[in-house]
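Chain residues, written in single-letter form:
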Amino acid sequence: MGSFFSNVHVRKTEGIRGESLQKVLAEALKTQGLRQVESLEEADLSVYVYAGEAWFSVCSDGIEFYTEESTNLCRSLSENLSTEVLSIACFDSDCLTLNFINQKISVDAFAKIGKYASIKRRTTLAQWKGIVDDLAAWKEILNSNWTLVDEALDEIEPMLTLEVGQGSFADDLAMEDYAEKTTTYYYALPESATKSAPPKFISYITPTYCEIGRQQTYSVLNTGGKSKGLAIAFSGNYVEHEEIYFREVELYYPGQNSKPIPLSLEKRQLPNGVWVYYAEVPDFQILECVKDGLPPLRKVDEEMKRNFSVSFIPEGNPRKVLDITVHFIPLKNREGQCVWCAWLFDGTKRAFIEQYNKHWSEVTKDHKSTNIKQLNIEDYDIDE
């Protein structure tokens, strides 16, 4: 996987200090609904400001500096600080963009190296005249066939008076390589980004199907507000006569290195006559959903932290494994439960087996050494 990063650089002038930059930056972010807070505990994202020799550099773990909103942010910084502003973004090391803005003289120069599907804007080479001293060398850099486009920054940085490595300033480096000259500011998303709705679960990571004696894991995400109390249930026509049972059943947050909670399943019959294995954890904390407004990569990181899982090992009659159905049930909104079984989206067990075999046959046809066994319908109770 290549590099992803984006940042903004503000040209230093005699009248710009860290405090004045932060004040203007805070006002600009306020127009985007972000409010500055005092501590990490109150924050949804952090903004890092590095004081370089010729440029201040700004990056964040929750703001992408290549969107329309961030372009407006750059214009605001340039206008209110009467200086040049440069944004740099890298997309999977396949595409590098640079946007140089000087509102005072109406300059908005853009350059792109490589390609990325969502980046449609084209390079405006003529507008870089006067920004870089050697326009021919600049053109050559932009048109070179880079294996990893971010490597072009080695040549770009001195042409724009950036320090070595400053062009790729990113949040994971801010408090390491740049810690001595970096100040961190904290921001919170607007209150409207927080959901007060009841908890409601969606599947996050699911098994393909269950096998006797092998550990399985099923993970879900909450799409509602924070809550407390969870039930886990296993249903299927194997429960009543205990043809399958489950051992080493544990509940945990995998992204937080939390200590697993062992679950003791109780066999019970529901009012509708269905038999289930059931466990409740009344004090289990259900984190609220990922807030609206985070950029995609940050959203993925937050989802990885907030999904929670149940792991289990089924034992017993292998003919019944396709009947295994797992339920995550929020105790304060049972209608918000999430359910998984192997054939749920195929409609029938037979359709699942046929689709599974077809899929893996196509995947492995050019990789004979791949050991993915085909499922035999005769090995399972199909109940049709």
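Everything here concerns the structure above.
Residues numbered from 1 in each chain as written. Predicted model: local features only at pLDDT ≥ 70, side-chain atom pairs only at ≥ 80, totals over all residues. Heavy atoms only, no water.

Trainee: Got a minute to help me understand the pattern of salt bridges in this structure?
Mentor: Inspection of the entire model under this criterion finds 19 salt bridges. Taking the shortest distance from any N to any O, the salt bridge between R214 and E211 comes out at 3.0 Å. With relative accessibility at 21%, the residue E211 sits in the partly exposed group. Here K349 ties to D323 by a salt bridge, and the two come within 2.4 Å at their closest N and O atoms. Remark: D323 occurs in the loop between β16 (308-316) and β17 (325-330) and K349 occurs in helix α7 (residues 349-364); sequence separation between them is 26 residues. Residue K349 shares its accessibility class with D323, and that shared class is buried. Salt bridges linked by common partners bring D61, R298, E302, K305 and R306 together as one network. (Salt bridge = Lys/Arg side-chain N within 4 Å of Asp/Glu carboxyl O. Buried < 20%, exposed > 50% of the residue type's maximum accessible area, 1.4 Å probe, protein only. Helix = DSSP H or I, 4+ residues; strand = E, 2+ residues; numbered from the N terminus.)

Trainee: Help me out: how do you make sense of unusual backbone geometry in this one?
Mentor: For residues other than glycine, phi is negative in most cases, and the peptide bonds are mostly trans. Even without glycine at this site, D92 takes up a positive phi of about 55°. Summarising the element assignment, D92 is placed in the loop between β5 (85-91) and β6 (95-102). When its relative accessible area of 24% is taken as the criterion, D92 is described as partly exposed. Look at E242: it is not a glycine, yet its phi comes out positive at around 55°. With respect to the helices and strands, E242 occurs in the loop between β11 (227-235) and β12 (244-252).

Trainee: It is not clear to me how the side chain of T71 should be interpreted in this structure. Could you clarify?
Mentor: Topologically, T71 is positioned in helix α2 (residues 68-81). Leaving out residues up to four positions away in the same chain, T71 has contacts with N99 and I101. (Contact = heavy atoms within 4.5 Å.)

Trainee: Just checking my understanding: could you explain the environment of E242 for this structure?
Mentor: Along the sequence, E242 and N317 sit 75 residues apart, while their C-alpha atoms lie 9.3 Å from each other. Aside from chain neighbours lying at most four places away, what touches E242 is K267 and Y277.

Trainee: Sorry, what's going on with the packing of helix α1 (residues 18-30) against α2 here?
Mentor: Two quantities define a packed helix pair, namely the angle between the helix axes and the distance between the axes. Where α1 meets α2, the closest approach of the two axes is 10 Å, and the angle between their N-to-C directions is 140°. With respect to α2, the axis of α1 lies oblique. For the pair α1 and α2, the sense of crossing is right-handed. From α1, S20, L21, V24, L25, A28 and L29 reach across to α2, where they touch L73, S76, L77, N80 and L81. (Axes fitted to C-alpha atoms, helices over the stretch in contact; angles between N-to-C directions. Parallel < 35°, antiparallel > 145°, perpendicular 65-115°, else oblique. Left-handed = near helix turned anticlockwise from the far one by under 90°.)

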